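If you want the building blocks of each chain, they are given just below.
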Amino acid sequence: MLMVIVFLVTLLLGVPIAFALGLTAVTGLIITDPSFLIAIPQKLFATSNMYSLIAIPLFIMAGELMGLSGDVNRLMDLARAAIGRVRGGLAYVSIILGALLGGLLGMANAAAALLSTIIYPEMVRDGYEEDFSASFLASVSIIAPMIPPGMLFVIYGVASNTSIADLFMAGAPAGIMIAIVLSGIIYFKGKKSQWPVSEHKTTRKELFQKLRSAAFSVLAPFVTFASIAMGIATPTEAAAVVCVLVYVVGAFVYKKIKPQDLMTVLIRTAISSGAILIISAMGGVLGWYLSIAQVPQAIARGISAISDNKYVIMLIIQAFLFFVGMIMDSAPAVMILVPVFMPIINQFGFDPVHFGLLMCLNLSIGLLTPPVGTVLYTTSTATGVPTDRMIRSIWPWVLSLTAVLMIIAYIPDSVMWLPRLLAK
């Protein structure tokens with residue numbers, strides 16, 4: 001109980017989440033046995049000294065390089081040309097761009113910031129409502145962490161010793177399902193609201209020109225996905241290859257990246273990845289304490305006492321994860337909860353890849369919900385739409401994403417067919 005109080009108080013005081021996790025772990029270790037404190041440096045190093053974690057800074061660096069080389073603008077032009085004269089065309093462009101950004105960024109917050117900066121002004125200019133546009137773009141950003149290389153998949157894979165490649169392969173169908181559901185909503189709302197139709201009709205020649213211009217921009221995410229899916233490279237190796245490919249193309253083909261830009265890219269990469277890796281290290285220490293205190297086993301016994309039906313247990317877990325997503329950011333939540341739920345995964349025979357996908361998607365949906373929802377606040381800041389207005393308009397989108405989550409939870413084959421197919 002004291003640990004829960006320490007964790008909540010540190011969060012309320014504005015202590016960074018990494019140090020809140022560390023202080024909570026230290027408190028628990030002091031109560032259990034102070035002699036354990038001497039092992040904390042070793043645990044911090046052991047948690048961080050994992051080959052798979054190298055993928056995080058490499059993928060972040062690839063995203064930074066692609067931003068410098070102008071890939072986002074080229075992908076948007078391609079999406080516009082591909083959609084053409086369709087009612088609500090700009091909304092469909094947002095969905096396509098959100099999926100493509102997933103292949104570049106792998107993080108919902110980064111996708112939300114880019115979509116809000118690039119597309120929101122155009123949506124308002126075309127007559128879309130401000131509240132609707134901001135909430136819609138926030139929900140589209142949830143596609144990004146599902147499309148390889150999703151950073152949450154890397155963190156979950158490391159924490160649970162699950163194949164990151166399989167998580168990537170399961171995430172791709174999930175991202176496509178979200179895109180389809182959002183597109184369906186846009187179709188019916190577009191007909192009802194009589195949204196504008198683009199006056200410009202794209203010719204085949206223009207479409208080909210846009211495709212040729214964005215060829216390398218599309219190639220980089222495809223290389224990542226294909227190399228991992230075919231077993232040619234591990235996620236970490238694929239990340240390194242993509243970094244080199246993006247730099248070569250950006251510097252020598254598009255001529256957008258200059259040698260002096262590399263230092264800025266490295267600094268931004270270090271800051272972004274450092275924050276994630278510190279959280280991962282501190283979460284590892286907390287997970288170590290939880291295992292010493294046998295907290296996961298106690299929770300497993302408590303949940304088992306409620307029901308022995310795996311479908312009921314799945315519903316209880318998803319409801320709990322949704323609540324956690326409302327009050328905590330997704331990365332630290334994964335690090336804390338994976339050790340807690342592993343005994344339950346083993347006891348009820350859940351597929352760790354399927355369960356990991358559900359955890360990452362559920363916690364990502366939580367990024368849209370108050371009081372902590374970072375995507376909500378990122379979008380509000382980038383668009384200028386007040387947070388209280390976004391909170392009122394975000395719930396239909398949260399409900400839609402939750403429906404996708406439930407479909408995936410109770411129809412595992414909807415996403416697991418791809419990793420199973422590639423495993424043959």
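Before any of the text, the structure's been laid out above.
Calculation criteria
Residues numbered from 1 in each chain as written. Predicted model: local features only at pLDDT ≥ 70, side-chain atom pairs only at ≥ 80, totals over all residues. Heavy atoms only, no water. Helix = DSSP H or I, 4+ residues; strand = E, 2+ residues; numbered from the N terminus. Rg over C-alpha atoms; globule rule 2.2 N^0.38 Å. Contact = heavy atoms within 4.5 Å. Areas by Shrake-Rupley, 256 points an atom, 1.4 Å probe, with all protein chains shown as cover. Lys, Arg positive; Asp, Glu negative; His and termini not counted. Charge placed at Lys NZ, Arg CZ, Asp CG, Glu CD. Axes fitted to C-alpha atoms, helices over the stretch in contact; angles between N-to-C directions. Parallel < 35°, antiparallel > 145°, perpendicular 65-115°, else oblique. Nonpolar A, V, L, I, M, F, W, Y, C, P; charged D, E, K, R; others polar. Phe/Tyr/Trp six-rings, centres within 6.5 Å; stacked < 30°, edge-to-face > 60°. Buried < 20%, exposed > 50% of the residue type's maximum accessible area, 1.4 Å probe, protein only. Lys NZ or Arg CZ within 6 Å of the ring centre and 35° of its normal. Expected span 1.5 Å × (residues − 1). Polar contact = N/O pair within 3.5 Å; in protein donor to acceptor, adjacent residues only side chain to side chain. Salt bridge = Lys/Arg side-chain N within 4 Å of Asp/Glu carboxyl O. Patch = residues over 30% accessible without salt bridge, like charges linked within 9 Å, V, L, I, M, F, W, Y side chains within 5 Å. Core = buried A, V, L, I, M, F, W, Y, C linked by side-chain atoms within 4.5 Å. Left-handed = near helix turned anticlockwise from the far one by under 90°.

Chemist: Hey, could you run me through the overall build of the protein chain in this one?
Modeler: A tally of helices and strands in the protein chain yields 22 helices and zero strands. Relative to the globule expectation of 22 Å for 424 residues, the C-alpha radius of gyration of the protein chain, 22 Å, shows essentially globular dimensions. Counting only C-alpha atoms and orienting by the principal axes, one finds that the protein chain spans roughly 70 × 50 × 50 Å. In the protein chain, 79% of the contacts between residues at least 6 apart in sequence involve partners at least 24 apart. Here the protein chain displays about 18,600 Å² of accessible surface, and carbon together with sulfur accounts for 67% of that area. The distance from the centre of the 24 positive side-chain charges to the centre of the 19 negative ones in the protein chain is 8 Å.

Chemist: What exactly am I supposed to notice about the packing of helix H9 (residues 130-140) against helix H11 (residues 164-193) here?
Modeler: Angle between the axes and distance between the axes: these two values describe a pair of packed helices. It is the contact of H9 with H11, at a shortest axis distance of 11 Å, that shows an interaxial angle of 160°. Looking at the two axes, H9 sits roughly antiparallel to H11. Between H9, through Phe132, Phe136, Ser139 and Val140, and H11, the contact on the second element is made entirely by Leu182, Ile186 and Lys189. For the contact of H9 with H11, the class distribution of residues is five nonpolar, one polar and one charged.

Chemist: Hey, could you run me through the environment of Pro145 in this one?
Modeler: Its location among the elements puts Pro145 in the loop between H9 and helix H10 (151-160). A C-alpha to C-alpha distance of 9.3 Å links Pro145 and Ala99, two positions 46 residues apart in sequence. Look past the residues within four positions of Pro145 in its chain and what remains in contact with it is Gly106, Met107, Ala108, Gly150, Phe153 and Ser364.

Chemist: Even after reading the chapter, I still don't get the packing of aromatic side chains, so can you show me in this structure?
Modeler: The description of two aromatic rings rests on the distance between their centres and on the angle between their planes. The final tally for this structure, using the stated rule, is 14 aromatic pairs. For the pair Tyr247 and Phe252, a centre-to-centre distance of 6.5 Å together with 85° between the ring planes defines the contact as edge-to-face. A residue is classified by how much of its surface remains accessible, and Phe252, at 55% relative accessible area, is exposed. Of note, Arg74 hangs over the ring of Tyr254, and the distance from its end group to the ring centre comes to 3.4 Å.

Chemist: Even after reading the chapter, I still don't get H9, so can you show me in this structure?
Modeler: Because each turn of an α-helix spans 3.6 residues, side chains separated by three or four positions in sequence point in the same direction. Within H9, nine of the 11 residues are buried, which leaves the element mostly enclosed by the surrounding structure. Among the residues making up H9, those that are buried are Phe132, Ser133, Ala134, Ser135, Phe136, Leu137, Ala138, Ser139 and Val140.

Chemist: Where do I start with helix H19 (residues 352-365) in this structure?
Modeler: The end-to-end C-alpha separation of H19 is 20 Å, in line with the 20 Å expected for 14 residues at 1.5 Å each. For H19, the side-chain oxygen to backbone nitrogen distance between the N-cap and Val353 is 2.8 Å, and the N-cap itself is Asp351.

Chemist: Teacher, can you tell me more about the pattern of salt bridges here?
Modeler: Side-chain pairs of opposite charge can arise where the charged atoms are in close proximity. A full pass over the atoms with the stated rule returns four salt bridges. Put simply, Glu64 and Arg268 hold a salt bridge, and the shortest N to O gap is 2.8 Å. With Glu64 in helix H4 (residues 55-68) and Arg268 in helix H15 (residues 261-292), this residue pair connects regions lying 204 residues apart in the sequence. With a relative accessible area of 19%, Glu64 lands in the buried category. Notably, a salt bridge pairs Asp131 with Arg389, separated by 2.6 Å at the nearest N-O pair. Within this pair, whereas Asp131 is found in helix H9, its partner Arg389 is found in helix H21 (residues 387-410), the two being separated by 258 residues in sequence. A cluster of three or more residues bridged by salt bridges with shared partners is formed by Glu130, Asp131 and Arg389.

Chemist: Please clarify how the environment of Leu8 should be interpreted in this entry.
Modeler: Mapping Leu8 onto the fold places it in helix H1 (residues 2-12). Sequence separation between Leu8 and Thr24 is 16 residues, and the spatial gap between their C-alpha atoms is 9.4 Å.

Chemist: Where do I start with the environment of Ile299 in this structure?
Modeler: Mapped onto the fold, Ile299 is located in helix H16 (residues 295-306). Separated by 42 residues in the primary sequence, Ile299 and Phe341 have C-alpha atoms spaced 8.2 Å apart. Excluding residues that lie within four positions of it along the chain, Ile299 makes contacts with Val340 and Ile344.

Chemist: How should I be thinking about a nonpolar patch on the surface in this particular structure?
Modeler: Where nonpolar side chains cluster on the molecular surface, the patch consists of Phe216, Leu219, Phe222, Val244, Val248, Phe252 and Val253 and spans about 640 Å² of accessible area. Counting only elements with at least two residues in the nonpolar patch, the list comes to helix H13 (215-229) and helix H14 (235-253). Turning to its location among the elements, Val248 is positioned in helix H14.

Chemist: Can you help me understand the nonpolar core in this one?
Modeler: Side chains that are nonpolar tend, in soluble globular proteins, to be buried together. Residues Ile119, Phe136 and Met359 are the most contacted members of the largest nonpolar core, which totals 137 residues. Residues within four places of Ile119 in sequence aside, it is in contact with Met76, Leu90, Val93, Ser94, Leu97 and Leu137.

Chemist: In this structure, what is going on with the packing of helix H17 (residues 310-327) against H19? I would like to understand it.
Modeler: Contact pair H17 / H19: the axes reach a minimum separation of 8 Å and the direction vectors enclose 35°. Considering the relative orientation of H17 and H19, their crossing is right-handed. When H17 is examined against H19, the residues Met314, Ile317, Gln318, Leu321, Phe322, Val324 and Gly325 are found in contact with a partner set consisting of His354, Phe355, Leu358, Met359, Asn362, Leu363 and Ile365. Each residue belonging to the contact of H17 with H19 can be placed in one class, and the counts come to 10 nonpolar, four polar and no charged.

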